[in-house]
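# Summary of the model geometry
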Amino acid sequence: HRKRRRRLRWTTSSMNSNEMGATSKQDCEDNCAADWVCDAEKLQCGQAAPGQNGTTKALCEAYCVTSYTCQDNLTCTAGPPGSGIPNETLCEQVCVPSYQCDAKTLQCNPVAPSKGTSLDRCQLGCVTNYFCNTSWQCVAVPPGQGYRNMTACEQNCQEPPPYYQCNYDTYQCDQVPAGSPPPATPNKTECEQICIMPPPTPGPPSNLKGLWRALYVQNNYTMGEYDIFFGDTNVTIVSQTAVILQGDVKTAADETVEISVTVGKDSGSVVKALFQAQGDGAETTYGEFALGAPGGPAPASISTAMTSAGSQVFVMAKCLSQSCSFQMEYNALTGRVARTQQAAHVAKPAVNDPCMIHGTSCEACLAAAPYCGWCSTKVTYQDGTVGTNCAGTALGIEPFICDGTYSTATCQI
C-alpha cells in the first residue's frame, strides 16, 4: 500500500483539539509568546527587549502597518501605526463631507468630516423648533432648542390644573402654583368650603375706642368739625348741631368695621368702614376712618374712598396724655381741649389741617395731597398750637409758621 504523508499541525495546549493550529512548530511558538513589538519607523515586528511589554507575532503584524487619517480637505494622509485606519481604501470610503445646519437659513451645508454629521441626520434636525414658554404657549425657536414640530410641542405644553389656597386676610381662595404643598388643593370648591370668614365680633377694634376729633377730607367735603365716639359696642358721630350717625359696631376678621345704623338718615342699613392708624404725636394719636356707601362693601383703601360716591372719609385725632381732653360737641356746645400745667385751663379746638396726621415721614406727607408740605421743624399754627412737620397750604387750612425750610415738592431740605 501507498503510505499517505501527514502534515503535522502544532497547537498550544489551550487550543481545542478540533481547531487547526500553526503549520510549523516555530510559527506556533512565535504566536504563543507575547514578546513581539512593532518598530514604527521600519514597520517591522521584532522581539521585545527584556522588561518591554509585547504581544503575539500575529497581533503585532496586524497592527504594525501604515495608518491613514481623514483630513478636513477630504484627503487621507499616512501616519504611524495606530494613528488612524489601517487601510487607505477604507479611509477614502469614509472620508466624505459631513453637514452642519445653518440655524438662520435652515439649510444643511457641507463641512469638514470632523465638524458635522451625516446629511440625513442634519436634515432631520435642521428645522424650526417649538418651545413651550412659561405662559404655556409654543413659540418658534432655532433648531436644537425645542420640539421639531408644533404638534409635539402642543401635546406636551399643557398647563397643569391650578391649585388654590385660602388667603386668611381676604378670605378668598387665591390661585397658587400647581403642585403647591398642602393646604393648597387643586379643588377650588374644597378650598372655599374651609375659607369662610368668621362672624364679626361685637365692638370696634381696641385702638378705635374713645373720643376722636375729626374733619371730613373726601372730595367735595362739607366744612366742619365732628366728634366720633366709639364705646364698647357702639359708635356715635355728631356735628356741633346734630347726631350724624349712631349704631351698633362689630369688627370682622379682616378688621373691617361694621355699623348697624340705628339713628341718622341711613337708619336700618349696615355701613362698612375701614380704619387706618397714622401714628402718634406729642399728645394725640392720629388716624383715618373711611365709611363706605350704606349697604355696600367697605372701601378697598382710604385713597379710593376719597373719590368713591357715597363714601365719607375722616381724619381724626384722639388724646393720648392726661393733659389732653376732648369733649363731645352737640347743640352748639363748644368743644374743649383741657391742658393741665399745674392748674387746668381750656385750650382751643383741634386745628383744621388734614395734612397734620401725615407727619410720620416726609414721603408720607408729600404723597398725601398736593397741598401738603414738609417743614424741617414742627410748625406752629396761628392760634399757638404746635403741629407736626407736615402742614397744608390749601384755602381754608389753618395758617402756620415754619421756622425751618418748607417744601411741597421735595424732601431734600
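Residues numbered from 1 in each chain as written. Predicted model: local features only at pLDDT ≥ 70, side-chain atom pairs only at ≥ 80, totals over all residues. Heavy atoms only, no water.

## Focus on unusual backbone geometry
The following threshold applies: Here a strand is any run of E in DSSP of at least two residues, a helix any run of H or I of at least four, and the numbering for each starts at the N terminus. Per-residue accessibility, obtained with a 1.4 Å probe over protein chains only, is compared with the maximum for each type, and a residue is labelled buried under 20%, exposed over 50%, and partly exposed between these values.
Note the cis peptide between Pro182 and Pro183, where omega equals 15°. Positionally, Pro183 belongs in the loop between strand S10 (172-176) and helix H6 (188-194). In this model, Leu43 sits at a positive phi of 55°, which is unusual for a non-glycine residue. Inspection of the secondary structure puts Leu43 in the loop between strand S1 (36-39) and strand S2 (44-47). Under the relative-accessibility criterion, Leu43 is labelled partly exposed at 35%. Of note in the backbone geometry, Tyr171 takes a positive phi value of approximately 55° without being a glycine. Within the secondary structure, Tyr171 is located in the loop between strand S9 (163-167) and S10.

## Details of the sheet that holds strand S26 (residues 406-407)
The strands making up a sheet associate through backbone hydrogen bonding, with each pair oriented either parallel or antiparallel. Defined as follows: One requirement defines pairing of two strands: DSSP has to find at least two bridges between them.
Spatially, three strands are ordered S24-S22-S26 in an open sheet, and the strand pairing comes out antiparallel. Strands with a single pairing partner mark the edges of an open sheet, and in this sheet they are strand S24 (390-392) and S26.

## What to know about the state of the cysteines
Selection rule: Two cysteine sulfurs form what is called a disulfide whenever their separation falls within 2.5 Å.
Following the criterion strictly, the structure yields 15 disulfides and no others. Between the sulfur atoms of Cys173 and its disulfide mate Cys191 the distance is 2.2 Å. Taking the sign of the S-S torsion, -105° for the link of Cys173 and Cys191, the bridge is left-handed. Residue Cys173 is located in strand S10, and its partner Cys191 is located in helix H6; the two are separated by 18 residues in the primary sequence. Each sulfur in the disulfide pair Cys319 and Cys324 lies 1.9 Å from the other. Here Cys319 and Cys324 share a disulfide; its torsion about the S-S bond, -55°, makes the bridge left-handed.

## Remarks on the nonpolar core
Filter applied, for reference: Residues grouped as a nonpolar core are buried Ala, Val, Leu, Ile, Met, Phe, Trp, Tyr and Cys residues, joined through side-chain atoms within 4.5 Å. Here a residue-residue contact requires only that any non-hydrogen atoms of the pair lie within 4.5 Å.
Ile228, Ile259, Phe289, Phe314 and Met316 are the most contacted members of the largest nonpolar core, which totals 21 residues. Sequence-distant contacts of Phe289, defined by excluding residues within four places in its chain, comprise Leu208, Phe230, Ile259, Ala273, Leu274, Phe275, Gln312, Val313, Phe314 and Met316. If you look at the next biggest cluster of nonpolar residues, it comprises 16 residues, including Tyr286, Val351, Met356 and Val379.

## Quick look at the pairing of strand S5 (residues 98-102)
Pairing between S5 and strand S6 (residues 107-111): five bridges, direction antiparallel. Within the sheet, the bridge partner assigned to Asp102 lies in S6 and is Gln107. Linking two consecutive strands that pair antiparallel, namely S5 and S6, is a turn of four residues; a positive phi of about 60° is found at Leu106 within it.

## Looking at the environment of Pro181
By secondary structure assignment, the location of Pro181 is in the loop between S10 and H6. Taking the C-alpha atoms as reference points, Pro181 and Gln165, separated by 16 residues in sequence, lie 9.8 Å from one another.

## Remarks on the confidence of the model for the chain
Interpretation of the predicted coordinates at a detailed level should be avoided for regions scoring low in pLDDT. What counts is decided by this rule: How sure the predictor is of each residue is captured by pLDDT, a score from 0 to 100.
Looking at the chain, the pLDDT average stands at 85 and 88% of residues meet or exceed 70. Note that pLDDT drops below 50 for residues 1-19; the model gives that stretch 19 contacts with residues more than four away or on any other chain. Every residue in residues 331-349 scores below 50 in pLDDT, and together they form 35 contacts with partners more than four places removed in sequence or on other chains.

## Some points on the packing of aromatic side chains
The cut-off we apply is this: When the centres of two rings from Phe, Tyr and Trp lie within 6.5 Å, Trp using its six-membered ring, the rings pair. Their planes under 30 degrees apart give stacked, over 60 give edge-to-face, and anything left gives tilted. Should the NZ of a Lys or the CZ of an Arg lie within 6 Å of a ring centre and within 35 degrees of the ring normal, that charge is described as sitting over the ring.
Evaluation of the coordinates by the stated rule reveals eight aromatic pairs. Here Trp212 and Phe275 contribute two aromatic rings whose centre-to-centre distance is 5.7 Å and whose plane-to-plane angle is 65°, an arrangement assigned as edge-to-face. Of the two residues, Trp212 is situated in strand S12 (residues 210-216) and Phe275 in strand S17 (residues 270-280); the sequence distance between them amounts to 63 residues. With 5.8 Å between their ring centres and 70° between their planes, Tyr226 and Phe314 make a pair best called edge-to-face. Placement of Tyr226 in strand S13 (residues 225-230) and of Phe314 in strand S19 (residues 312-319) is noted, with a sequence separation of 88 residues between them. Among the residues examined, Phe314 registers a relative accessible area of 1% and is labelled buried. One residue, Arg213, lies across the ring of Phe326, its end atom 4.8 Å from the ring centre.

## Details of the side chain of Ser180
Worth spelling out the cut-off: Two N or O atoms count as a polar contact when they lie within 3.5 Å, although within protein this holds only if one can serve as hydrogen donor and the other as acceptor, and sequence-adjacent residues are included solely when both atoms are side-chain atoms.
In this fold, Ser180 is placed in the loop between S10 and H6. Within the structure, Ser180 has its side chain in polar contact with the backbone oxygen of Pro177 (distance 2.6 Å).

## A short note on the pattern of salt bridges
Quick note on the threshold: Salt bridges are defined by distance alone: a side-chain nitrogen of Lys or Arg within 4 Å of a carboxyl oxygen of Asp or Glu.
In total, this model carries four salt bridges according to the counting rule given. We note a salt bridge from Lys209 to Asp232, for which the minimum N-O separation is 3.6 Å. Pair noted here: Lys209 is in the loop between strand S11 (201-202) and S12 and Asp232 is in the loop between S13 and strand S14 (234-238), with a separation of 23 residues, a long-range link. Under the relative-accessibility criterion, Lys209 is labelled partly exposed at 34%. Classification of Asp232 as exposed rests on a relative accessible area of 56%. With its nearest N and O atoms 2.5 Å apart, the salt bridge here joins Asp227 to Arg213. One end of the pair, Asp227, is in strand S13; the other, Arg213, is in strand S12, with 14 residues separating them in the sequence. Of the residues examined, Arg213 reaches a relative accessible area of 2% and is grouped as buried. Residues joined in a network through salt bridges with shared partners are Arg213, Glu225 and Asp227.

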